[in-house]
Amino acid sequence: STQFVDMAISQEAGAVWPDQITGPGVWTGETLDLGTVRIELTRPQKAELLQRGQEMCDRNVRLSKAEVSPDRFPLNEFKEDAVRIRREVSDGCGIVLLSGFPVDQSDEMIEQMYFLLCEHIGVCVTQNCSASLVHHVTVGPKAPKMGVRTVGHLGHVGLHVDLTDVVALLCVRQNPDNPKSHAASTLALYNEIKARHPEILPLLQKGTPWSRMGEHGHEEPRTPYDVPIFALSPRGQVSCRYNRGWQERPAEGVPLPPEYQRAFDIIDSIAAEIRVEFQFKEGDIQLVSNLTAFHGRAAHGPVDQPGSERWLMRTWMYLSDFRVLPDEPLNRYGVVRHGNLGLTAQELARALDEAPPNFVPGVDSVLKWPQSRRADGCPLRAPVPKL
């Protein structure tokens, strides 16, 4: 059930938009040394992860029942690196490349180990109308139901953000032609726009509605509010939330005004100029801040043999004490808490327990879970617990 709460939108408390942002989160493809953000899983870390994976399989645990958690299956060898990753994506470059994940196991064991690893970093939430905590980015029978969204296609994937604090992508199987992954600093993007096209900044600060991509359940098919592309916190921190596909789709049949189309073209062009490219190999995980960095990839070719398609596993995470935002309900949760999207494992388990027998979440099968919204429709939620 959705509850509406009348709450004033917090303002920027005197913060001033900067002429130029500085710090580790500002980088380009020429200046970022990817070696500084790479972490290789050690032999003891992999051994412990495999041990926990076998324990989870032996106990026949289920993600949807909140039976996989750091409390039940601790990864003690990984704790220090988990802290380092949280620090880097929150206050550093906004991207971490983790390698050496054991993908030579059963599909179920890979998924459970991956979810467990991510839960040691942040709090994972559901990502589609099927209420999947781990989303399979591929084509074929492993691809989840997800409204009108598409993943796993052959074409170039433009630079964009996903819907939570952090996105994590595990490469289980790469395409034979090995397309490069892309990332770009949205703080460097802000600097370039400020210097070259300051006239579009008011549009970007206002933002646009976001489509809910046919996964809205009983709610509106798009956000009833504008979500800023660039947001300024009371501390003067700039954050960015931009995904052209989600922002153009709300106006189906009524194109966005030309000034927005031009602004989006500028974003795409500059982001492509300053991006970094890197190889994404099997067993690699890329973790990217959705508030300070974009991610994307090059196009890749078709495969001849079914079952050899490119296959990633994805999680969406919230982190405690993450980047400060001026209006958390709008800028942090405003694009994800709807339909069957945005539930933690604990919320999902409770909703499934209360659902009818044999209930299967889907586009027209929406879980009942308590949602509080303020008067403008923005979702409210409890703070993310500290790890």
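Residues numbered from 1 in each chain as written. Predicted model: local features only at pLDDT ≥ 70, side-chain atom pairs only at ≥ 80, totals over all residues. Heavy atoms only, no water.

**Student:** Is there a simple way to explain the pattern of salt bridges in this structure?
**Tutor:** A side chain of one charge can pair with a side chain of the opposite charge when the charged atoms of the two come close. Using the criterion set out here, one finds 21 salt bridges in the structure. The shortest N-O distance in the salt bridge between Glu 273 and Arg 196 comes to 3.1 Å. With Glu 273 in helix α7 (residues 258–274) and Arg 196 in helix α4 (residues 186–196), this residue pair connects regions lying 77 residues apart in the sequence. You can call Arg 196 partly exposed: its relative accessible area is 37%. Across the pair Arg 262 and Glu 199 runs a salt bridge, and its minimum N-O distance is 2.8 Å. Note that Arg 262 is positioned in helix α7 and Glu 199 in the loop between α4 and α5 (201–206), a separation of 63 residues in sequence. On the basis of relative accessibility, which here comes to 43%, the residue Glu 199 falls in the partly exposed class. Connected through salt bridges with shared partners, the residues Arg 244, Glu 248, Asp 265 and Asp 268 form a single ionic network. (Salt bridge = Lys/Arg side-chain N within 4 Å of Asp/Glu carboxyl O. Helix = DSSP H or I, 4+ residues; strand = E, 2+ residues; numbered from the N terminus. Buried < 20%, exposed > 50% of the residue type's maximum accessible area, 1.4 Å probe, protein only.)

**Student:** What is the right way to look at the confidence of the model for the protein in this model?
**Tutor:** Should pLDDT be low for a region, the predicted coordinates there are not to be read in detail. Counting all residues, the mean pLDDT for the protein is 91, and 94% of those residues have values of 70 or more. Per-residue pLDDT stays below 50 along residues 1–12; that stretch engages in 28 contacts with residues further than four places along the chain or on separate chains. (pLDDT = per-residue confidence, 0-100. Contact = heavy atoms within 4.5 Å.)

**Student:** Help me understand the environment of Thr 315, please; the structure alone is not making it clear to me.
**Tutor:** Locating Thr 315 in the fold gives a position in strand β14 (residues 311–318). Classification of Thr 315 as buried rests on a relative accessible area of 0%. Once you skip the residues sitting within four places of it in the chain, Thr 315 turns out to touch Tyr 114, Cys 118, Cys 124, Gln 127, Leu 133, Val 134, Val 166, Val 167 and Ala 168.

**Student:** Explanation requested: the side chain of Arg 52 in the structure shown.
**Tutor:** Considering the arrangement of structural elements, one finds Arg 52 in helix α1 (residues 43–59). Among all residues touching Arg 52, those that are not within four sequence positions of it are Phe 73, Pro 74, Leu 75 and Leu 116.

**Student:** Teacher, can you tell me more about the layout of surface pockets here?
**Tutor:** A water-sized probe rolled over the atoms picks out the places where empty space is left. Taken as a whole, the largest pocket encloses approximately 830 Å³ of empty space. Looking at the lining of the largest pocket, the element that brings in the most residues is strand β6 (residues 157–160), giving four residues. Of the residues that constitute the lining of the largest pocket, the class distribution is 15 nonpolar, 13 polar and nine charged. (1 Å grid on protein atoms, 1.4 Å probe; cavity = no way out; pocket = protein on both sides within 12 Å on 5 of 7 lines; lining within 4 Å. Points joined across faces, edges and corners; volume = space filled by probe spheres on them. Nonpolar A, V, L, I, M, F, W, Y, C, P; charged D, E, K, R; others polar.)

**Student:** So what exactly am I meant to see when it comes to empty space enclosed by the protein here?
**Tutor:** Inspection of every chain in the model, using the stated rule, returns one cavity of 30 Å³ or more. Size it by volume and the largest cavity reaches roughly 40 Å³. Considering the residues around the largest cavity, the lining is formed by Pro 228, Ile 229, Ala 231, Ser 239, Cys 240, Arg 241, Leu 291, Leu 325 and Asn 331. Here the residues of the lining of the largest cavity are counted per class, giving six nonpolar, two polar and one charged.

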